Amino acid sequence: MSTRNTHAVIIGGGIAGPALALFLKKAGLTATVYEAYSRSDSIGGGLQLAPNGMNILEALGLSERIRTKGTLATEMGFQNHRGTKLARFPNGRVEKYGQSAVTLPRAVVHETLRDELERQGVRMEYQKRLTALSYEGQEVVAHFEDGTSARGDFLVGADGIRSRTRELLLPEGPKLFYSGLIGLGGFVPESQVPGWRAEDRSCLQMTLGRGGFFGYCGGGEGRVMWWSNLPRAEELTREELATLSTEELRKTLLTVHAGWPAPIEALLTQSQDIVRTNIHDVGLLPKWHRGRVVLIGDAAHAMSPNTGQGASVALEDSMYLASLLRGEAAVDLEQVFARFERDRRPRVERLILEGRRMGDQKKMLSPFACWLRDRFLSVMFSLMGERMNDWQFKYRVAWD
Ligand SMILES: Cc1cc2nc3c(=O)[nH]c(=O)nc-3n(C[C@H](O)[C@H](O)[C@H](O)COP(=O)(O)OP(=O)(O)OC[C@H]3O[C@@H](n4cnc5c(N)ncnc54)[C@H](O)[C@@H]3O)c2cc1C
């Protein structure tokens, strides 16, 4: 099969989907992205793009745009809820990894990718929710909730942690499960945070308590971004997610984080909106592809947010899959998808397990377990520091 005129149907216009469409264009294929929501829908809180993810955006010519709208997160600090400093070390130096980590609103990443699709004339259709798949000859047909359909030579499920493509591909496969933590977050103008200094922006400051966790750092364009993980036995229902008021959430957060070091209380008090989500996980998938359909990003390997790597590895997937589909290599789609899975699986599964381990440290701990965790972290960080993240940050996808 020649890759010329090969057309991809991409389900999901979050991070992996648009990035894949852009890389496929570079590879000489065509693609259309189908997104369930409308373009204007609000899309939540803040995000760290790690150096490995920023290197992928650099390959798309987008890293500068992202950097100017975000904050360079060059350091990482850990403390406990009493304010005892546990460690501070570089968060991936640009000299070492080619790019710095950047923190910014998730919406900015979406806008940047979507604007670039438009600039390059790559189609993205909104309000197209995948419901079913069928096969006609050598083509895959995607069927949408509005009764329309789209066909292509192959289909990529980049439809996130609740992937419909995954359900259709692996009906007996692992299901989504609640991780025992809820995620909350928001943004506050720097001018409203007493004592905030310009040098505070670049440090991802993590505070670990007996139950729960609080992080903050610069979020680009004069904002401070914060996020909190709270242990909760039951996940929030759909109704609670929709109806819980900012004031109720603020009250809960102020109670859980009472007495934690400044500026945590000020961030909670000054936040206009508080985004909320259940943190979910999915068991390891037995397979990421079947026939002419393949999964990438969270659809293939959802990971808890604890590692701050989900978006970056979704970007890596996009670039690597497109690199395999270029030119002569793409003789057999099933072979390409099998190679994609084989090469990507070890890295992402290591991150999934790492994310779960980190999540367990944010759940309710006894005072002794808390003391032990603090000792362990300060020794480990002082021995390892930045080297600990080396394997995550130094990963590169070859294109040329
Ligand atoms: C609270 C929280 C904090 C996080 N923080 C970080 C962080 O700091 N750094 C980091 O790297 N990662 C972080 N992550 C993880 C990161 O958000 C994901 O790993 C990343 O968004 C995955 O990209 P994706 O494109 O695979 O999926 P998504 O970004 O979820 O995109 C999937 C898209 O598919 C669309 N879609 C869904 N179903 C359908 C359908 N049936 N038909 C059509 N379209 C559909 C969705 O609307 C969405 O636009 C965090 C996650 C959470 C929950």
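Provided above is the structure to which this section pertains.
Everything quoted here is computed from the prediction, not taken from an experiment. (Residues numbered from 1 in each chain as written. Predicted model: local features only at pLDDT ≥ 70, side-chain atom pairs only at ≥ 80, totals over all residues. Heavy atoms only, no water.)

### Things to note about the packing of aromatic side chains
Rule in force here: Any Phe, Tyr or Trp ring, taking Trp's six-membered ring, that has another such ring centre within 6.5 Å forms a pair; planes under 30 degrees apart are called stacked, those over 60 apart edge-to-face, and the others tilted. A helix here means a DSSP run of H or I that spans at least four residues, while a strand means a run of E at least two residues long, and both kinds are numbered starting from the N terminus. Note on classification: 1.4 Å probe, protein chains only; a residue is buried when its accessible area is under 20% of the maximum for its type, exposed when over 50%, partly exposed between these limits. Placement of a positive charge over a ring is assigned whenever Lys NZ or Arg CZ falls within 6 Å of the ring centre and within 35 degrees of the normal to the ring plane.
Inspection of the entire model under this criterion finds 13 aromatic pairs. A centroid spacing of 6.0 Å and a plane angle of 20° characterise the contact between Phe-368 and Trp-371, whose relative ring orientation is stacked. A residue pair is termed a helical-turn pair when its members lie 3 or 4 positions apart in one helix, as Phe-368 and Trp-371 do in helix H13 (residues 367–384) at three residues. The class of Phe-368 is exposed, set by a relative accessible area of 55%. By relative accessible area, Trp-371 is classed as partly exposed at 47%. Sitting above the plane of the Tyr-37 ring, Arg-129 keeps its charged end 5.2 Å from the centroid. It is Arg-223 that lies over the ring of Phe-187; its NZ or CZ is 5.8 Å from the centre.

### Some details on the site of the ligand
Selection criterion: What makes a residue near a molecule or strand is one non-hydrogen atom of that residue sitting within 4 Å of it. N or O atoms closer than or at 3.5 Å make up a polar contact, with two conditions inside protein: a donor-capable atom paired with an acceptor-capable one, and, for residues adjacent in sequence, both atoms drawn from side chains. Each accessible area value is a Shrake-Rupley result obtained with a 1.4 Å probe; residue values ignore everything except the protein chains displayed when judging cover. Following the grouping adopted for this structure description, the nonpolar residues are Ala, Val, Leu, Ile, Met, Phe, Trp, Tyr, Cys and Pro, the charged ones are Asp, Glu, Lys and Arg, and the polar ones are all others, Gly among them.
Taken together, 30 residues lie around the ligand, and Ala-16, Glu-35, Arg-106, Asp-298 and Ala-311 are the ones closest in. The backbone of Ala-36 places a nitrogen or oxygen atom 3.1 Å from a nitrogen atom of the ligand. For the ligand, whose free accessible area comes to 1000 Å², the fraction covered by protein is 83%. Secondary structure elements with two or more residues in the shell around the ligand: strand E3 (46–49) and helix H11 (310–324). Partitioning the shell around the ligand into residue classes produces twelve nonpolar, eleven polar and seven charged.

### Describing the pairing of strand E1 (residues 7–11)
The condition that has to hold: A pair of strands counts as paired when DSSP detects no fewer than two bridges linking them. Classification remark: right-handed applies to a crossover when, strands pointing away from the viewer, the course from the first strand over the helix to the second runs clockwise.
For E1, the tally of buried residues reaches five of five residues, placing the bulk of the element in the interior. Going residue by residue along E1, you find His-7, Val-9 and Ile-11 tucked away on one face and Ala-8 and Ile-10 tucked away on the opposite face as well. With five bridges joining them, E1 and strand E2 (residues 30–34) adopt parallel strand pairing. Within the sheet, the bridge partner assigned to Ile-11 lies in E2 and is Tyr-34. In terms of handedness, the path from E1 via helix H1 (residues 16–27) over to E2 forms a crossover that is right-handed.

### Notes on the environment of Glu-136
The cut-off we apply is this: Throughout, a contact is declared for two residues whenever any of their heavy atoms are within 4.5 Å.
Looking at where Glu-136 falls in the secondary structure, it is placed in strand E9 (residues 130–136). In this structure, the C-alpha to C-alpha distance between Glu-136 and Gly-77, residues 59 residues apart in sequence, is 55 Å. If near-sequence neighbours (up to four positions away) are discounted, Glu-136 is found in contact with Val-141 and Arg-151. Looking at Glu-136, its side chain comes within polar contact range of the side chain of Arg-151, at 2.9 Å.

### Observations regarding the sheet that holds E2
Pairing in this open sheet of six strands is mixed, and the strands run E8-E2-E1-E12-E19-E18 from one edge to the other. Each edge of the sheet is formed by a strand with only one pairing partner; in this case those strands are strand E8 (123–125) and strand E18 (289–290). Here E1 pairs with strand E12 (residues 154–157) via four bridges, running parallel. Directly across from Ile-11, in E12, lies its bridge partner Gly-157.

### A closer look at the sheet that holds strand E6 (residues 85–90)
Heads up, the rule is: Helix axes are fitted to C-alpha atoms over the stretch in contact, other axes to C-alpha atoms as well, and angles between N-to-C directions run from 0 to 180 degrees.
Ordered in space as E6-E5-E14-E15-E16-E13-E17, the seven strands form an open sheet in which the pairing is mixed. Sheet topology places E6 and strand E17 (275–282) at the edges, where each strand pairs with a single neighbour. Across the sheet, the mean angle from the axis of one strand to that of its neighbour is 20°, orientation sign disregarded. Strand direction decides the pairing type here: strand E15 (residues 213–218) and strand E16 (residues 223–231), joined by six bridges, are antiparallel. Bridging across to E16, Cys-217 finds its partner in Met-225. In the packing of helix H8 (residues 246–256) onto the sheet, the strands contacted are strand E13 (176–189), E16 and E17, and the crossing angle to E16 comes to about 75°. Sitting on the sheet, H13 touches strand E5 (75–80), E6 and strand E14 (203–208), and the angle it makes with E6 is about 30°.

### Comments concerning the environment of Lys-96
Mapped onto the elements of the fold, Lys-96 is located in helix H4 (residues 94–97). Among the residues examined, Lys-96 registers a relative accessible area of 36% and is labelled partly exposed. If near-sequence neighbours (up to four positions away) are discounted, Lys-96 is found in contact with Glu-386, Arg-387 and Asp-390.

### Details of the packing of H1 against H11
To be explicit about the condition: An angle below 35 degrees is treated as roughly parallel, one above 145 as roughly antiparallel, one from 65 to 115 as roughly perpendicular, and anything else as oblique. Take the far helix as the reference: if the near one is turned anticlockwise from it by less than a right angle, the crossing is left-handed, and if turned clockwise, right-handed.
One way to put it is that H1 packs onto H11 with a least axis distance of 8 Å and a crossing angle of 25°. When the interaxial angle is binned, H1 and H11 end up roughly parallel. For the crossing formed where H1 meets H11, the hand is right-handed. Side by side, H1 and H11 meet where Ala-16, Ala-19, Leu-20, Phe-23, Leu-24 and Ala-27 of the first sit next to Ala-314, Leu-315, Ser-318, Met-319, Leu-321 and Ala-322 of the second. Residues that form the contact of H1 with H11 fall into these classes: eleven nonpolar, one polar and no charged.

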